[in-house]
Amino acid sequence: VGPLCRSVEDAALVHAALGGAAADLAGASLSGVRLAVLDTIVTDDLEDAPARAFDQALDRLARAGATITRVTVPALTRAMDLALPLFGAEAYAAWA
C-alpha cells in the first residue's frame, strides 16, 4: 500500500519526498490542506536528527499553507502494546 493522494500532482510530490528528492514547492499553495501528525508511537524515541528534519518538514508544509494538527490517539498506544503478542502468534501460526 502506498500513499493516498487526491491528485497526480500530490502523488508526484509524495513520490519525490519518499525518493529523497526535494520537491519544488516554490509558488505552491497548500491552503485548505489539513494534516494530522500523530504525537505517539511515530515520534516516541525519535533520535535528534530525524526529529529536527521532521519538524522542519512540518514547518515547510505550514509555510506553504497547510494546517498542521498534532493528535494523540490513546487507543493506538494500547493497540501497539498488543501488537507483539498478536503478530507473534500469527507469525507462528503461519510459519510453524
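Residues numbered from 1 in each chain as written. Predicted model: local features only at pLDDT ≥ 70, side-chain atom pairs only at ≥ 80, totals over all residues. Heavy atoms only, no water.

## Some remarks on the confidence of the model for the protein
Then comes step 1: On average, residues of the protein carry a pLDDT of 83, and 93% of them reach 70 or more.
Then comes step 2: No element of the protein has a lower mean pLDDT than helix α1 (residues 8-18), which averages 80, and none a higher one than strand β2 (residues 67-71), which averages 94. (pLDDT = per-residue confidence, 0-100. Helix = DSSP H or I, 4+ residues; strand = E, 2+ residues; numbered from the N terminus.)

## With respect to helix α3 (residues 74-95)
Then comes step 1: Taking 1.5 Å as the rise per residue, α3 with 22 residues should run 32 Å; its terminal C-alpha atoms sit 32 Å apart, in good agreement.
Then comes step 2: The sharpest bend along α3 measures roughly 40° and falls at Ala83, with the proline Pro85 sitting one to four residues further on.
Then comes step 3: Along α3, only one of the 22 residues are buried, which leaves the element largely exposed. (Expected span 1.5 Å × (residues − 1). Bend = angle between axes of the 7 residues up to and from the residue. Buried < 20%, exposed > 50% of the residue type's maximum accessible area, 1.4 Å probe, protein only.)

## Remarks on the pairing of strand β1 (residues 34-38)
In the case of a regular strand, side chains alternate between the two sheet surfaces.
Then comes step 1: Across five bridges, β1 lies against β2 in parallel orientation. Bridge assignment links Leu35 to a residue of β2, and that residue is Ile68. (Pairing = 2+ DSSP bridges.)

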